Amino acid sequence: MSVYSPLLLDGVQLATYSSGSGELPVVFQHGLCGDHMQIEAVFPQDVNCQLMTLECRGHGQSEAGKPEHLSISTFADDVIEMAARAGFSRFVMGGISMGAAISLRMTVKHPELVSGLILGRPAWVCEKAPGNMKYMAKIGALLSAMSGDDARAEFIALPEAVELSRISPDNYKGLLAFFDRKPRLVTSDLLTRISDDGPGVSKEELGQIKVPTLIVGTQEDVVHPMSYAAQLAKLIPNAMLVEITSKSHDLTAYTAEFQTVISSFLREFS
């Protein structure tokens, strides 16, 4: 069971969650429009560590603050401040999707802080606004212009949405959930701004990463292409790439396999 603690930064109240009492400090971040429960679902229970998650601005119980501060770089800075206040001087950094982008940025920009890196289902390599984020961008635009119900109807009628529902049903289900998310305009801002963003790192910088790195990817995932995971594994020296069962195929197997590979990786630090 995670313990909630508030964190006030720049006048914005953020939510942090911690669990475990082991010696290994770990920070693990959620994806776009997710929250700490996404991490609790996939993080193994058999690891002797101190786990912390920050619900990024506009996510979970965290306030959004100014729209212009909704960015991967700001989220990374917030995570660094959370870790510092918790007394984490050096820690394993990981995340899923947007959380992986945050982790990648922190590892490159603050290598003194990161002892290990976990990239779960990455949605970015280096570039801003990659093509796989087009669905989020479209939904963000629709939600800024009309109600959630009208935006949903507009989206599901799009040929690319119909195709997505066929080839990646888990992606499609996740995208439809955005139309029910509140507040609507905060969701719109998040989807629009983050889909147009990136980790702010170069391929050359990725080649300088020296910490042990685990990259986890799946097939049947258009938003988090396995090809992105493979690209990162080639760019980061000695990175370990693991393919697990997709959520679209078997959610139970996906969760169990994700937990197993994280647990195996973190045992190297004990």
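Bear in mind the structure is a predicted one, so any value in this text is a computation, not a measurement. (Residues numbered from 1 in each chain as written. Predicted model: local features only at pLDDT ≥ 70, side-chain atom pairs only at ≥ 80, totals over all residues. Heavy atoms only, no water.)

Peer 1: I'm lost on the pairing of strand E8 (residues 240-243) in this one. Help?
Peer 2: Consecutive side chains of a regular strand alternate in pointing toward one face of the sheet and then the other. When strand E7 (residues 213-217) meets E8, the two strands line up parallel, connected through four bridges. Across the sheet, residue Val-216 finds its bridge partner in E8, namely Val-242. A crossover connection joins E7 to the parallel E8 through helix H10 (residues 226-235); in handedness this β-α-β unit is right-handed. (Pairing = 2+ DSSP bridges. Helix = DSSP H or I, 4+ residues; strand = E, 2+ residues; numbered from the N terminus. Right-handed = clockwise from strand over helix to strand, strands pointing away.)

Peer 1: Help me understand the nonpolar core in this model?
Peer 2: Within the largest apolar cluster, 69 residues are counted, with the highest numbers of intra-cluster contacts made by Leu-32, Met-98, Ile-102, Leu-104, Phe-155, Leu-206 and Ile-236. Membership of the second largest hydrophobic core comes to 22 residues, among which are Cys-49, Ile-118, Phe-258 and Val-261. (Core = buried A, V, L, I, M, F, W, Y, C linked by side-chain atoms within 4.5 Å. Buried < 20%, exposed > 50% of the residue type's maximum accessible area, 1.4 Å probe, protein only.)

Peer 1: Just to check I follow, could you spell out the pattern of salt bridges for this structure?
Peer 2: Side chains that differ in sign of charge can pair as their charged atoms come close. Under the definition given, this model contains eight salt bridges. When the shortest N-O distance is used, the salt bridge between Arg-57 and Asp-78 registers 2.6 Å. Taken together, the residues Arg-57 in the loop between strand E4 (49-55) and helix H2 (72-85) and Asp-78 in helix H2 connect sequence positions 21 residues apart. Accessibility classification places Arg-57 together with Asp-78 in one group, the buried group. In this structure, the salt-bridge partner of Asp-170 is Lys-247, at a minimum N-O distance of 3.7 Å. (Salt bridge = Lys/Arg side-chain N within 4 Å of Asp/Glu carboxyl O.)

Peer 1: In this structure, what is going on with the packing of helix H4 (residues 134-145) against helix H8 (residues 184-195)? I would like to understand it.
Peer 2: Angle between the axes and distance between the axes are the two parameters that describe a pair of packed helices. The geometry of H4 relative to H8 is characterised by a closest axis approach of 8 Å and an angle of 145° between their N-to-C directions. The way H4 lies across H8 gives a crossing that is left-handed. Taken together, the residues of H8 that come into contact with H4 (itself represented by Met-136, Ala-137, Ile-139, Gly-140, Ala-141, Leu-143 and Ser-144) are Arg-184, Leu-185, Thr-187, Ser-188, Leu-191, Thr-192 and Ser-195. Its residues placed into classes, the contact of H4 with H8 shows seven nonpolar, six polar and one charged. (Axes fitted to C-alpha atoms, helices over the stretch in contact; angles between N-to-C directions. Left-handed = near helix turned anticlockwise from the far one by under 90°. Contact = heavy atoms within 4.5 Å. Nonpolar A, V, L, I, M, F, W, Y, C, P; charged D, E, K, R; others polar.)

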